[in-house]
Amino acid sequence: MITHPKTEELARSVALWIEQIRPTLDPRNAFLARVAANAMATIGREITQGPAAEAEAVRLMGEVLGRTGDHADLNTELCAQIRSGKLTVETPGLLAALTVMARNQIAIDQPGYKAEGSL
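So, a few notes on the structure that sits alongside this text. (Residues numbered from 1 in each chain as written. Predicted model: local features only at pLDDT ≥ 70, side-chain atom pairs only at ≥ 80, totals over all residues. Heavy atoms only, no water.)

As a further point, take the overall build of the protein. Of the regular secondary structure elements, the protein holds four helices and zero strands. Taken from N to C terminus, the helices and strands of the protein fall in the order α-α-α-α. Here the C-alpha radius of gyration of the protein, 19 Å, is well above what a compact globule of 119 residues would show, namely 14 Å. Seen along its three principal axes, the alpha-carbon backbone of the protein occupies a region of about 55 × 45 × 30 Å. Residue burial in the protein is summarised as follows: out of 119 residues, 23% are buried. Element-wise, carbon and sulfur atoms account for 60% of the exposed surface of the protein, whose accessible area totals about 8,400 Å². For the protein, the centre of its 12 positive side-chain charges and the centre of its 14 negative side-chain charges are spaced 5 Å apart. (Helix = DSSP H or I, 4+ residues; strand = E, 2+ residues; numbered from the N terminus. Rg over C-alpha atoms; globule rule 2.2 N^0.38 Å. Buried < 20%, exposed > 50% of the residue type's maximum accessible area, 1.4 Å probe, protein only. Areas by Shrake-Rupley, 256 points an atom, 1.4 Å probe, with all protein chains shown as cover. Lys, Arg positive; Asp, Glu negative; His and termini not counted. Charge placed at Lys NZ, Arg CZ, Asp CG, Glu CD.)

What follows concerns the packing of helix 2 (residues 27-65) against helix 4 (residues 94-109). Geometrically, a packed helix pair is captured by the angle between its two axes and the distance between the axes. Here helix 2 crosses helix 4 at 175 degrees, and the two axes come no closer than 8 Å. Relative to helix 4, the element helix 2 lies roughly antiparallel. Every residue of helix 4 that contacts helix 2 at Thr42, Arg45, Glu46, Gln49, Gly50, Ala53, Glu56, Ala57, Leu60, Met61 and Val64 is listed here: Leu94, Ala97, Val100, Met101, Asn104, Gln105, Ala107, Ile108 and Asp109. (Axes fitted to C-alpha atoms, helices over the stretch in contact; angles between N-to-C directions. Parallel < 35°, antiparallel > 145°, perpendicular 65-115°, else oblique. Contact = heavy atoms within 4.5 Å.)

Nonpolar side chains in soluble globular proteins generally cluster together in the buried interior. Grouped together as the largest cluster of nonpolar side chains are 11 residues: Ala57, Leu60, Met61, Val64, Leu65, Leu74, Leu78, Leu87, Leu94, Ala97 and Met101. Those elements that provide at least two residues to this core are helix 2, helix 3 (71-84) and helix 4. Once you skip the residues sitting within four places of it in the chain, alanine 57 turns out to touch His71 and Met101. Grouped together as the second largest cluster of nonpolar side chains are six residues, Ala11, Ala15, Ile18 and Met40 included. (Core = buried A, V, L, I, M, F, W, Y, C linked by side-chain atoms within 4.5 Å.)

The next thing to look at is a negative patch on the surface. On the surface, Glu46, Glu54, Asp70 and Asp109 cluster together into a patch of negative charge. By the element assignment, aspartate 70 lies in the loop between helix 2 and helix 3. (Patch = residues over 30% accessible without salt bridge, like charges linked within 9 Å, V, L, I, M, F, W, Y side chains within 5 Å. Salt bridge = Lys/Arg side-chain N within 4 Å of Asp/Glu carboxyl O.)

A few words on the pattern of salt bridges. Per the counting criterion, the structure on display carries five salt bridges. The shortest N-O distance in the salt bridge between arginine 59 and glutamate 56 comes to 3.6 Å. Within this pair, arginine 59 and its partner glutamate 56 are both found in helix 2, separated by three residues, close to a single helical turn. For glutamate 56, a relative accessible area of 28% gives the class partly exposed. Measuring nitrogen to oxygen at the nearest pair gives 2.9 Å for the salt bridge that ties glutamate 63 to arginine 59. In this pair, glutamate 63 and arginine 59 are both assigned in helix 2, four residues apart and thus about one turn of the helix distant.

Moving on: the side chain of threonine 91. Along the chain, threonine 91 falls in the loop between helix 3 and helix 4. By relative accessible area, which is 15% here, threonine 91 ends up buried. When neighbours within four sequence positions are excluded, threonine 91 is seen to be in contact with Val64 and Lys86.

Here it is, written out as structure tokens:
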């Protein structure tokens, strides 16, 4: 069975190649190459970190809502209940769950981001 290259390895290779050629490009295309390399890096992180982040989000949303379901279903209900006011900042576990889910998504989308007060 062939196990390599993995999707995340391919994404990383493309991102590295783009970064390698970027200095030879004119300013506009160098900028676009940087955008493409960043997109490839995000794809790689989504592949490697996304499943665990989604599983944790499903668990946390399920705890807040008191039921099970898939990510899309739970997220839709969570958002609807927040919008309607049924869930508020006083709802046990809501803010903690939202914080964890936001941090997990930021780790994928913007790994260099450091929130105020974080180390």
